[in-house]
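# Structural overview
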Amino acid sequence: RLTLTGSIGEVMRESATAALSYIRQHYTSFGLKEGFFDKLELHVHLPEGAVPKEGPSAGITMTTAILSTLTDIPVRTDIAMTGEITLSGDVLAIGGLNEKLLAAKRQGITEIIIPEANRKDLAEMQADLLDGLKLHFVKSIREVLKLAMLKSPYVKKGQNKMSRELSRSLRH
């Protein structure tokens, strides 16, 4: 069950739902057991101070966060991301890229994942904004997860979360 609370509008609700739908469709790729969602209670809360959204841009972030929770694989803390996800895992263009890059830079984050479809927007931006930023242009959620998570959430066929945990414990 998915519960969404806090400062979450309809667009953010759709992003969270799309993120979970993508994960459910590809659960075997992540080593999750069939029916994992039947026993799952997932609560996404956006605090009151969250910036209201007029357009979709949080899908890849929500997908990454939810998948991190389900697989116990941490997300890098030195990278920002923006982009919407489709049910097939494509990453869609977003609006307000200039403001999002500026916000990341102000927070000291210099590595940012953005949709490939937004590459064209860079021509309109001031050079000093882009100076010092390392931008990763992505077309699919697979690329996002590879960049954002500390290790790949994808498992080999036949491997599940339990065997991944056993493998991890044997390495430590």
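Quick note: structure is the one above.
Residues numbered from 1 in each chain as written. Predicted model: local features only at pLDDT ≥ 70, side-chain atom pairs only at ≥ 80, totals over all residues. Heavy atoms only, no water.

### Thoughts on the packing of helix α1 (residues 10–25) against helix α2 (residues 59–71)
Running from N to C, α1 and α2 point in directions that differ by 50°, and their axes come no closer than 8 Å. Between α1 and α2, the angle is such that the two are oblique. Handedness of the crossing formed by α1 with α2: right-handed. Each of M12, S15, A16, A19, L20, Y22 and I23 in α1 lies in contact with α2, whose residues at this interface are G59, M62, T63, I66, L67 and L70. When its residues are assigned to classes, the contact of α1 with α2 shows 10 nonpolar, 3 polar and no charged. (Axes fitted to C-alpha atoms, helices over the stretch in contact; angles between N-to-C directions. Helix = DSSP H or I, 4+ residues; strand = E, 2+ residues; numbered from the N terminus. Parallel < 35°, antiparallel > 145°, perpendicular 65-115°, else oblique. Left-handed = near helix turned anticlockwise from the far one by under 90°. Contact = heavy atoms within 4.5 Å. Nonpolar A, V, L, I, M, F, W, Y, C, P; charged D, E, K, R; others polar.)

### A few points about the packing of aromatic side chains
Considering all chains together, one arrives at 3 aromatic pairs under this definition. The side chain of R119 reaches across the aromatic face of F137, ending 3.9 Å from its centre. (Phe/Tyr/Trp six-rings, centres within 6.5 Å; stacked < 30°, edge-to-face > 60°. Lys NZ or Arg CZ within 6 Å of the ring centre and 35° of its normal.)

### Section: unusual backbone geometry
Although it is not a glycine, D72 sits at a positive phi angle of roughly 60°. When you line up the elements, D72 lands in the loop between α2 and β3 (79–81). Take D72: its relative accessible area is 41%, and that puts it in the partly exposed class. (Buried < 20%, exposed > 50% of the residue type's maximum accessible area, 1.4 Å probe, protein only.)

### Description of α2
Its 13 residues give α2 an end-to-end C-alpha distance of 18 Å, which sits within 8% of 18 Å, the value for a rise of 1.5 Å per residue. Among the 13 residues that make up α2, 10 are buried, leaving the element largely enclosed by the rest of the structure. The positive-phi residue at the C-terminal boundary of α2 is D72, with phi of around 60°. (Expected span 1.5 Å × (residues − 1).)

### A closer look at the side chain of E111
In this structure, E111 sits in strand β6 (residues 111–115). There is a polar contact of 2.9 Å between the side chain of E111 and the side chain of R76. Residues in contact with E111, not counting those within four places in the same chain, are R76, D78, I79, A80, K134 and H136. (Polar contact = N/O pair within 3.5 Å; in protein donor to acceptor, adjacent residues only side chain to side chain.)

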